[in-house]
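Fold and geometry: a report
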Amino acid sequence: MDVASQNELRVAADVELSRDEDSVMSLAVGPRKGKTTYVFAGVNSGPDDIAKGKNENLRTLAIEQSKARGSAGVKTPEAKVQELSRVAAFANPDADTYQRLLRVCGPVGAAATAMGKDPQIAVFDAVPSAGGVPKPRGVVELPRDAEDLDIVQTGDGQFQLAFCHKYELRLLDIGKEETEPRLVFTMPDDHGERPVFRSIRYLSPEFILAVSNLPKRSGVLIQGFRLPSPGHENARIAVTTRIPRKISATAMAVANLAPSETPGGP
């Protein structure tokens, strides 16, 4: 969509996908190179391919700006969208597995399964190599599907991935040597009832915002977690508030109004 004009919202480019395959289940904008912006999507292959054990779920597309055109008195760029590659991101997926979660932070991306028998998170380089193929960085086996995930850059070539499920928040360091996920917070049990994590987003490399649903549809809990510093194992709650209505949260987004130029900048 072209949003350069305040008076008109216009389709700048589109691409039609195969009707023999699944619908798009996840989408993330990747890095930009020259006039090309990379976009990643989760699209299951068709039933015939899946029956053969082939599911190229991670798709890489390129959006390229082309000639400028006048729109409502404003010159706006046209664009074209094309698929560059499709790969199987997960290891030995079964027929029910699909890519529900997808996040990209600079040159690193992560996708998580849903519905499959073997829950996983696949980490990949979000700067495609020749032919537009993202380079896999590894697959993390999980005890259960992640409810949500996010990535943040923590240093030069260093990243951290956070993911949650029900009552647990875990972190995974990504760099020259990947580590194993570590549990940093567990929701306290209040007489058999406790909030359930629904969505998480980094506000900074040291701070995560989480939205959880309270038991019996009694409202939404918003918590800010200060992540463990060196020498500490657990995250601690720095701020919390409730929305005391009979509603449930389904998703969350955050926007940085003053992003720093460096990962460690103020």
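Structure: above.
Below you will find a few notes about this structure. A quick note: this is a predicted structure, and the numbers were derived from the prediction, not measured. (Residues numbered from 1 in each chain as written. Predicted model: local features only at pLDDT ≥ 70, side-chain atom pairs only at ≥ 80, totals over all residues. Heavy atoms only, no water.)

The subject of this paragraph is the overall build of the protein chain. A tally of regular secondary structure across the protein chain gives 1 helix and 16 strands. The globule rule puts the C-alpha radius of gyration for 266 residues at 18 Å, and the 20 Å found for the protein chain is close to it. By principal-axis analysis of the C-alpha atoms, the protein chain measures approximately 60 × 50 × 40 Å. Residues classed as buried in the protein chain amount to 40% of the 266 residues present. Contacts in the protein chain between residues far apart in sequence, at least 24 positions, make up 44% of those at least 6 positions apart. Carbon and sulfur atoms make up 51% of the accessible area of the protein chain, which amounts to about 15300 Å² in all. Distance between charge centroids for the protein chain: 5 Å, based on 33 positive and 34 negative side chains. (Helix = DSSP H or I, 4+ residues; strand = E, 2+ residues; numbered from the N terminus. Rg over C-alpha atoms; globule rule 2.2 N^0.38 Å. Buried < 20%, exposed > 50% of the residue type's maximum accessible area, 1.4 Å probe, protein only. Contact = heavy atoms within 4.5 Å. Areas by Shrake-Rupley, 256 points an atom, 1.4 Å probe, with all protein chains shown as cover. Lys, Arg positive; Asp, Glu negative; His and termini not counted. Charge placed at Lys NZ, Arg CZ, Asp CG, Glu CD.)

Take the nonpolar core next. Ranked by internal contacts, the top residues of the largest apolar core, which has 17 residues, are Ile121, Ala146, Leu149, Ile151, Leu161, Phe163 and Ile174. Put simply, the parts of the chain that give this core at least two residues each are β5 (98–105), β6 (108–114), β7 (120–125), β9 (148–155), β10 (158–165) and β11 (168–174). Those residues in contact with Ile121 that sit more than four places away from it in its chain are Ala110, Ala111, Ala112, Gly138, Val139, Val140, Leu142, Ala146, Leu149, Leu161 and Phe163. (Core = buried A, V, L, I, M, F, W, Y, C linked by side-chain atoms within 4.5 Å.)

Our next topic: the pattern of salt bridges. Taken as a whole and assessed by the stated rule, the structure comprises 14 salt bridges. Here Arg198 makes a salt bridge to Glu147, at a shortest N to O gap of 2.9 Å. Here the residue Arg198 occupies a position in strand β13 (residues 196–204), and Glu147 occupies one in the loop between β8 (136–141) and β9, the gap between them amounting to 51 residues. Between Arg170 and Glu168 there is a salt bridge whose closest N-O contact spans 2.9 Å. A cluster of three or more residues bridged by salt bridges with shared partners is formed by Glu21, Arg59, Glu83 and Arg86. (Salt bridge = Lys/Arg side-chain N within 4 Å of Asp/Glu carboxyl O.)

Residues in a regular strand point their side chains to alternate faces of the sheet. The buried fraction of strand β14 (residues 207–213) amounts to 7 of the 7 residues, a majority that puts the element mostly inside the structure. In β14, alternate side chains face the same way, and those of Phe207, Leu209, Val211 and Asn213 on one face and Ile208, Ala210 and Ser212 on the other are all buried. Where β13 lies against β14, 7 bridges are found, and the strand directions are antiparallel. Bridge pairing links Ser204 to Phe207 in β14. The hairpin turn running from β13 into β14, its antiparallel successor, is 2 residues long. Bridge analysis of β14 against strand β15 (residues 220–226) gives 7 bridges, and the strand direction is antiparallel. (Pairing = 2+ DSSP bridges.)

Before going further, it helps to examine the packing of aromatic side chains. Enumeration according to the criterion identifies 4 aromatic pairs in this entry. Put simply, the rings of Phe185, Phe197 and Phe225 touch in pairs and so form one group of aromatic residues. Above the plane of the ring of Tyr167 lies Arg194, whose end atom (NZ or CZ) is 3.8 Å from the centre. (Phe/Tyr/Trp six-rings, centres within 6.5 Å; stacked < 30°, edge-to-face > 60°. Lys NZ or Arg CZ within 6 Å of the ring centre and 35° of its normal.)

The next thing to look at is the sheet that holds β5. Strand order in the open sheet made by the 4 strands is β5-β6-β7-β8, with antiparallel pairing throughout. Whereas interior strands pair on both sides, the edge strands pair on one side only; in this sheet they are β5 and β8. Strand-to-strand twist across the sheet, computed as the mean angle between neighbouring axes with direction ignored, equals 20°. Alignment of β5 against β6, held across 7 bridges, turns out to be antiparallel. Bridging from a neighbouring strand, Cys105 pairs with Val108 of β6. (Axes fitted to C-alpha atoms, helices over the stretch in contact; angles between N-to-C directions.)

Here we have 4 strands laid out as an open sheet, ordered β13-β14-β15-β16, and antiparallel in their pairing. Edge strands, defined here as strands with exactly one partner in the open sheet, are β13 and β16 (236–243). Taken pair by pair, the neighbouring strands of this sheet meet at an average axis angle of 20°, ignoring direction.

Turning to the pairing of β9, a few remarks are in order. Along β9, 6 of the 8 residues are buried, which leaves the element largely enclosed by surrounding structure. Two strands pair when backbone bridges link them, and β9 and β10 are joined in this way by 7 bridges, in the antiparallel orientation. Note that in β10 the partner of Leu149 across the bridge is Phe163. Adjacent in sequence and paired antiparallel, β9 and β10 are bridged by 2 residues, among which Gly157 carries a positive phi angle near 75°.

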